[in-house]
Amino acid sequence: MVRDVVVVGGGHAGCEAAAAAARMGATVALVTLHRETIAQMPCNPAIGGIGKGHLVAELDALGGLQGWAADRAGLQFKVLNASRGPAVWGPRAQCDKARYSEIMRRVLGRLPRLEVVEGEVVGLLVGAGGVTGVRLAGGGRLRARTVILTTGTFLGGLLHRGAEREPGGRFGERPSLGLGAELAGLGLELRRFKTGTPPRLARRSLDLDGLQAQGGDEPPRPFSWRSRGVRNRVVCWLTRTPELVQTIIEDNLHRSPLFAGAIAGVGPRYCPSIEDKVVRFPHHRQHTVFLEPEGLDSESIYVNGLSTSLPRDVQEAVVRAVPGLERAQFLRYGYAVEYDVVAPHQVGRDLAVQSVPGLALAGQLLGTSGYEEAAALGWLAGVNAVLGGRGEAPWLAGRERAYLGVMVDDLVGREHVEPYRMFTSRAEHRLLLGIDSARQRLMADGVRLGLVRESVFHVERRRWRARERARETLEATAVTPDRGTRETLRELAGIELRAPTSWAGLLRRQDLDVDGLAARAPALSDLEPEDRRIVVGLLRYDGYLARHRREAARVERLRSVAIPAGWEPHRIPGLSREVVEQLERHRPRTLAEAERLPGMTPAALAILAGRIAREGAGG
Amino acid sequence: METAFSSGWSSALVGGADTIVARATPAGRGGLAVIRISGPDARGVAAALCPEVDLEVGWVARLGTLRDREGARLDRVVVTSFPGPRSYTGEDMVEISVHGSPWLVARALEAAVAAGARPAAPGEFTRRAVANGKLDLVQAEAVNDLVRAQTAWQARLARSQLEGVLSKRFAVLRDGLVAVLAEIEGALDFAPHDIAYRADEVRRGVDEARAEIAALVATAAAGRRVREGLRLAILGPRNSGKSTLFNLLVGRERAIVSPHPGTTRDVVEAEVEIGGVAVVLQDTAGVGDAADPVEAEGMRRARGAAAEADAVLLLWPADGSRPQPEEAGFGRPAVAIRSKWDLAAGSVEDGWLAVSCSTGEGVDALRRALEAVVASEVADLGGEVAVSERHRAALERASAELEGAEVARPELAAEAVRAALESLAELTGEVASEEVLDRVFATFCIGK
């Protein structure tokens, strides 16, 4: 039997790839070493955050599973940057790890056409036309039109802790050794990256009473349109490393595999280990540590902020120097993992490997870090495998339309020296890409792909149309300077209303307590509290939003432009050699196709568009 | 905490895949002419022209024989090979010095084209230097300014700009704004990690950048005066001797003289050099009561020229008459002169210079006074940098963006700073669109 898609790896990328493909009607096999390790969270027990939460929101609007599963497994919900405008709100949920995995296994198990296969992929089946399937340990074979590799950190994985070294993909699991060599044999360029995880401590051994407790938002905000209500069930705790920690680490730096030179892989700058932090920021005397439960019934506490690969005795000394952790018992020690990634410029924006038909990649294997980045890429690879199989154009998003588009564009078009993590600062059209607009931007595509029910779309559309109407009303109605309103404004904002003004004008100028004002502004009082803040927040973005929308429309128009046949890319001044090579090799017929090429930059695309416009005008 | 940004734009400007050729010296007859070849096959093309010269060794001048496309001997020439990237364009380059006959040069260019080179477009060599990171756009402009320099000040300004003095100020300005953006983005993307948003820091950075932009923009007027010439209008009543003085200054200063054609009723201009600065001297129709509509129009133009000039030379006869209040220099720095002093008696009033064009009396004092006015008008250059019109426009766009920065709302402050950075990047060519480049290089002569 030849399946449409075989997904190798049951992590966050693999789950989304397999689920999206199966739900679009493809026959899918998901190959994983053990059924129980599907959708694990091997590092922090949380989904979302700033940038990452944006990806989860987009994936949810497109019919992905991660946000919904995080809602079901969620223990504490918080929107980061809530005091800022809607563009940078970053929803995050602490999750029960075991439950998250269980939910995902259950969903995958129920999907028709999706079969979970327990086994180890030891190689690829390669024919004249590209990859035709995978070889399993023990001699089995699975044939497929498209193979999606989502092997995470397992490719050539090597775990480090002090002088201890052990081949492994993550704690207690064997790495995949043959597959990497096989990819290299197909001519793919590999790189070595590194990441790490902190120790896990036994909750009963910690003295949490004296520490600062951190609860979730009330009311909690779910990620998904599928979720009705969610509840905060746990608190986390905050503590700080004392100066002693700096001394302990400095004294033992020679025993760190990072600094002793044992680790060749490059780790992420933005997620540094505690030994990294001590070396790079010696003037910071203290480092914040969050203590996060890994499950509702779990004894395990994740020590966020103390990622380390120091030897066990040093880890113990460091942890026990921290207030509240003096008698901490270790359930697991921190470690670093080095692994191979495929340099991502070798895939197109549909995540298909350019030089090997039938093969696509997603997740950490492509050099990203984080569950959210992996899930979003997995979804994209799964959807495009199905569309490609039908002979349809791939699903792509531009940088102006989605964080998913920014991420793919960055991965494919730029050089990367460290694992890629999503940040809002990577999105130049950030104001257009807030979580408030994710459904508006993407849900119609989810419906078209068959991953979101149309009825849901209509419900959501009513919601954003209500926001638009409220906005129009605020523009059109003047603030009545009656006594009650004047008093309210004086109390809430300390302003004296003298001349009449529109509500919109007032809200743009002043930081007012929106809920307090709602009673006076009828347009706001009909909205949900979150929608009120969105409407007002967007009013304040007005001038900038208009500019970004113009730019987004310009880029969108670019995509529809045809490139004349018989073009000589090397004659176009201003293009980099790399872009010229790509254009000559692939001969795109439209700017949309050109944009899909690896190494293509927005600047190069603009140059091409300018050239076409001029040649067209001149005949 | 470090933050990684990406604006989504990158500089994708690399040189051409083909080899270009042009004469680098002016057209016409001369002692020598230099032919420049640049590109991946520069040495191959040069070898076709001068087959026996060793081009593998760089930066050494060698004697050789220049041959035409049929291989016939044309000239004894000096050939210098500049292997890339240590060349002007950053590519492989060869320069051939031939005797400066237009016929010889034409044959040599023909042979180069026959060997596979393409005639260069104006400014294309410098454009490639920019593309290969040898120069930034601001320095490239200075190359053009230097080539066109006609006065000491023009050369001095162009040289300092070419050496990167102005580029460095732009770079410092840019780095300051990148630091501001890092401050904002760090607080937005790392909010859970105890990184507070320091609005006061952002305000300080934005204000510093705006002050620096204002300082740079303030040099624009001086920059224009140096590049285009400081405009000095002579204003006075009919028969006060304006044209005599004009001819005297134009003749005496021995600068480039190019009087524009025009009637005596119109404004007549000539370019002279005063104190190392190019000056456009303007002779105008006499002011007073107009006899006819044509004369009235001439007077209107005279007043207009004076009103737009950088400085005014007031020329009134030694008969006690004075300019009307509205004519007294138009708020510009002015030098007031009593003319035809040889015909007058008595002493000159305070603030007036006594000059006689026929005896030459007072002319040296007048020249010193003019030099002082000119020097004071370019003094705000600080001797270092002056921005051009293109720079000024980009700087003012950046400043306007920063002025609107809503520091209290970090994601909006970031928008303003990013937009300002885009304007600055356009300035240095870091993210130059093809249109910007076309505009900058359009004024170049071929061979540069």
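Here the residue numbers are simple positions, counted from 1 along each chain's written sequence. Each chain takes a letter, starting from A, and each ligand takes a number, starting from 1, following the order in which they are written. Local features in a predicted model are, by the rule used here, given only for residues with pLDDT of at least 70; side-chain atom pairs are given and counted only at 80 or more, and totals for whole chains, interfaces and linings are based on all residues.

**As for the overall build of chain B**
Inclusion rule: Starting at the N terminus, helices and strands are each numbered in turn, a helix being any DSSP run of H or I of at least four residues and a strand any DSSP run of E of at least two. Any residue whose C-beta has 12 or fewer other C-beta atoms within 10 Å is treated as exposed, any with 20 or more as buried, and any in between as partly exposed, C-beta atoms being built from the backbone. This entry defines residue contacts through backbone-placed C-beta atoms, with two residues in contact when those atoms are within 7 Å.
Scanning chain B from N- to C-terminus turns up 14 helices and 12 strands. Evaluated residue by residue, chain B yields a buried proportion of 47% over its 448 residues. Within chain B, residue pairs in contact and separated by at least 24 positions form 63% of the contacts whose partners lie at least 6 positions apart.

**Let's talk about the overall build of chain A**
Basically, it comes down to this: The globule rule used here is 2.2 Å times the number of residues to the 0.38 power, and the radius of gyration it is set against is calculated over C-alpha atoms.
Within chain A, the secondary structure is distributed over 20 helices and 20 strands. The C-alpha radius of gyration computed for chain A amounts to 26 Å, which stays within 12% of the reference 25 Å derived for 619 residues, consistent with globular compactness. Expressed along its principal axes, the backbone C-alpha trace of chain A runs to roughly 80 × 75 × 50 Å. Split into buried and exposed, the 619 residues of chain A put 54% on the buried side. For chain A, the share of sequence-separated contacts (at least 6 apart) that also reach a separation of at least 24 residues comes to 72%.

**Considering the environment of Ala191(B)**
Note that Ala191(B) resides in the loop between helix H6 (165–189) and helix H7 (199–218). Of the residues examined, Ala191(B) has 21 C-beta atoms within 10 Å and is grouped as buried. Separated by 77 residues in the primary sequence, Ala191(B) and Ala114(B) have C-alpha atoms spaced 64 Å apart. Residues contacting Ala191(B), with those up to four places away along its chain left out, are Ile50(A), Leu80(A) and Asn81(A).

**Observations concerning the sheet that holds strand S17 (residues 300–304) of chain A**
All names here are of chain A. What counts, and what does not: The pairing criterion for strands is at least two bridges between them, as found by DSSP. Every angle, taken between N-to-C directions, lies between 0 and 180 degrees, and every axis is a line fitted to C-alpha atoms, over only the stretch in contact when it is a helix.
Strand order across the open sheet formed by 6 strands is S14-S15-S16-S17-S13-S18, with antiparallel pairing between neighbours. Each edge of the open sheet is held by one strand with a lone partner, namely strand S14 (212–214) and strand S18 (330–332). On average, each strand axis in the sheet is inclined to that of its neighbour by 35°, with strand direction left out of account. Of the strand pairs in this sheet, strand S13 (residues 200–202) and S17 are connected by 3 bridges, and their pairing is antiparallel. Across the sheet, Ala202 pairs through a bridge with Ser300, a residue of S17.

**A short note on the pairing of strand S8 (residues 130–136) of chain A**
Residues and elements named next belong to chain A. Here S8 lies mainly inside the structure; 5 of its 7 residues are buried. Inspection of the sheet shows strand S7 (residues 121–127) paired to S8 by 6 bridges, in the antiparallel sense. Bridging across to S8, Leu124 finds its partner in Val134. Two successive antiparallel strands, S7 and S8, enclose a turn made up of 2 residues. Sheet topology note: the S8/strand S9 (residues 141–149) ladder contains 3 bridges and is antiparallel. Note that in S9 the partner of Arg135 across the bridge is Arg141. Hairpin connection, S8 to S9: the antiparallel pair is bridged by 4 residues, and Gly138 has positive phi, about 90°.

**Re the nonpolar core**
Burial of nonpolar side chains together is a common tendency in soluble globular proteins. Worth spelling out the cut-off: The term nonpolar core means buried Ala, Val, Leu, Ile, Met, Phe, Trp, Tyr and Cys residues held together as one set by C-beta atoms within 7 Å.
If you look at the biggest cluster of nonpolar residues, it comprises 257 residues, and the most contacted ones within it are Ala18(A), Ala21(A), Ile148(A), Ala362(A), Ile96(B) and Val417(B). Take this core: its biggest share by element is 11 residues, from helix H9 (residues 371–389) of chain A. Excluding its chain neighbours within four sequence positions, the residues that come into contact with Ala362(A) are Ala13(A), Ala17(A), Ile148(A), Thr150(A), Leu351(A), Leu377(A), Gly378(A), Leu380(A) and Ala381(A). Of all hydrophobic cores here, the second largest spans 22 residues; its members include Val278(A), Tyr302(A), Leu306(A) and Leu310(A).

**Side note on helix H1 (residues 42–49) of chain B**
Residues and elements named next belong to chain B. Where we set the bar: Directions are taken from the helix axis to each C-beta atom, and the arc is the one they span.
Taken residue by residue, H1 has Ala42, Arg43, Val45, Ala46 and Leu49 as its buried positions. Burial along H1 is one-sided: seen end-on, the buried residues are contained in an arc of 160°. Turning to H1, the residues buried within the fold contact strand S1 (20–23), strand S2 (30–38), strand S3 (61–67), strand S4 (73–82), strand S5 (93–100) and helix H2 (102–114).

**Focus: the environment of Ala220(B)**
Within the secondary structure layout, Ala220(B) lies in helix H8 (residues 220–228). Ala220(B) gets classed as partly exposed once you count the C-beta atoms within 10 Å, which come to 19.

**Let's talk about unusual backbone geometry**
What is expected of a backbone is that most residues other than glycine have negative phi and most peptide bonds are trans. Along the chain, Glu218(A) connects to Pro219(A) via a cis peptide bond; the corresponding omega equals -5°. Along the chain, the position of Pro219(A) falls in the loop between S14 and strand S15 (236–240). At the junction of Gly84(B) and Pro85(B), the peptide bond is cis and its omega measures out at 5° in the coordinates. Residue position: Pro85(B) is located in the loop between S4 and S5. Despite not being glycine, Arg113(A) has its phi angle at roughly 70°, a positive value. The topology assignment puts Arg113(A) in the loop between helix H4 (97–110) and strand S6 (114–118). Judged by the 17 C-beta atoms lying within 10 Å of it, Arg113(A) falls in the partly exposed class.

**Here's the deal with the sheet that holds strand S4 (residues 74–80) of chain A**
Residue and element names in this part refer to chain A. Ordered in space as S3-S5-S4, the 3 strands form an open sheet in which the pairing is antiparallel. The open sheet has two edge strands, strand S3 (46–48) and S4, and neither has a second partner. The sheet shows a mean angle of 20° between the axes of neighbouring strands, direction not considered. In this sheet, strand S5 (residues 90–95) lies alongside S4 in antiparallel orientation, the contact comprising 6 bridges. By the bridge assignment, Phe77 is partnered in S5 with Ala93. On the sheet, helix H3 (residues 66–73) packs against S3, S4 and S5 and is oriented at approximately 50° with respect to S5.

**Focus: the packing of H6(B) against H7(B)**
All names here are of chain B. Formally: If an angle is under 35 degrees, it is roughly parallel; if it is over 145, roughly antiparallel; if it lies from 65 to 115, roughly perpendicular; otherwise it is oblique. Two helices crossing with the near one rotated counterclockwise from the far one by less than a right angle form a left-handed crossing, whereas a clockwise rotation gives a right-handed crossing. Each residue is assigned to one of three groups, with Ala, Val, Leu, Ile, Met, Phe, Trp, Tyr, Cys and Pro labelled nonpolar, Asp, Glu, Lys and Arg labelled charged, and all others, Gly among them, labelled polar.
At a closest axis distance of 9 Å, the pairing of H6 and H7 adopts a crossing angle of 160°. Classified by the interaxial angle, the pair formed by H6 and H7 is roughly antiparallel. Our pair here, H6 against H7, has a crossing hand that is left-handed. On H7, the residues touching Arg169, Leu173, Gly176, Leu177, Ala179, Val180, Glu183 and Ile184 of H6 are Glu201, Val202, Gly205, Val206, Glu208, Ala209, Glu212, Ile213 and Leu216. For the contact of H6 with H7, the residue count by class is 10 nonpolar, 2 polar and 5 charged.

**A closer look at the pairing of S3(B)**
Residues and elements named next belong to chain B. Note: S3 against S4, 7 bridges, orientation antiparallel. Opposite Ala61, over in S4, you have Thr80 as the bridge partner. Taken together, S3 and the strand that follows it, S4, pair antiparallel across an intervening segment of 5 residues, in which Gly71 is found at a positive phi of about 95°.

**Things to note about the confidence of the model for chain B**
Residue and element names in this part refer to chain B. Selection criterion: A residue's pLDDT is the predictor's confidence in that residue, given on a scale from 0 to 100.
Across chain B, the average pLDDT comes to 80, with 83% of residues at or above 70. Across chain B, S4 holds the top mean pLDDT of 95, while helix H14 (residues 434–441) sits lowest at 59. When the criterion is pLDDT under 50, residues 1–15 qualifies, and its contacts beyond four places in sequence or with other chains add up to 49 contacts. Segment residues 253–263 is flagged for pLDDT under 50; beyond a separation of four residues in sequence, or across chains, it makes 20 contacts in the model. Of the two predicted TM-score estimates for the complex, the pTM is 0.82 and the ipTM is 0.86.

**Overview of the packing of helix H12 (residues 389–403) of chain B against helix H13 (residues 410–428) of chain B**
Think of two packed helices as two axes; the pair is described by the angle between the axes and how far apart they sit. Residue and element names in this part refer to chain B. Here H12 crosses H13 at 175°, and the two axes come no closer than 8 Å. Relative to H13, the element H12 lies roughly antiparallel. Between H12, through His391, Ala394, Arg397, Ala398, Glu401 and Leu402, and H13, the contact on the second element is made entirely by Ala416, Ala419, Ala420, Ser423, Leu424, Glu426 and Leu427.

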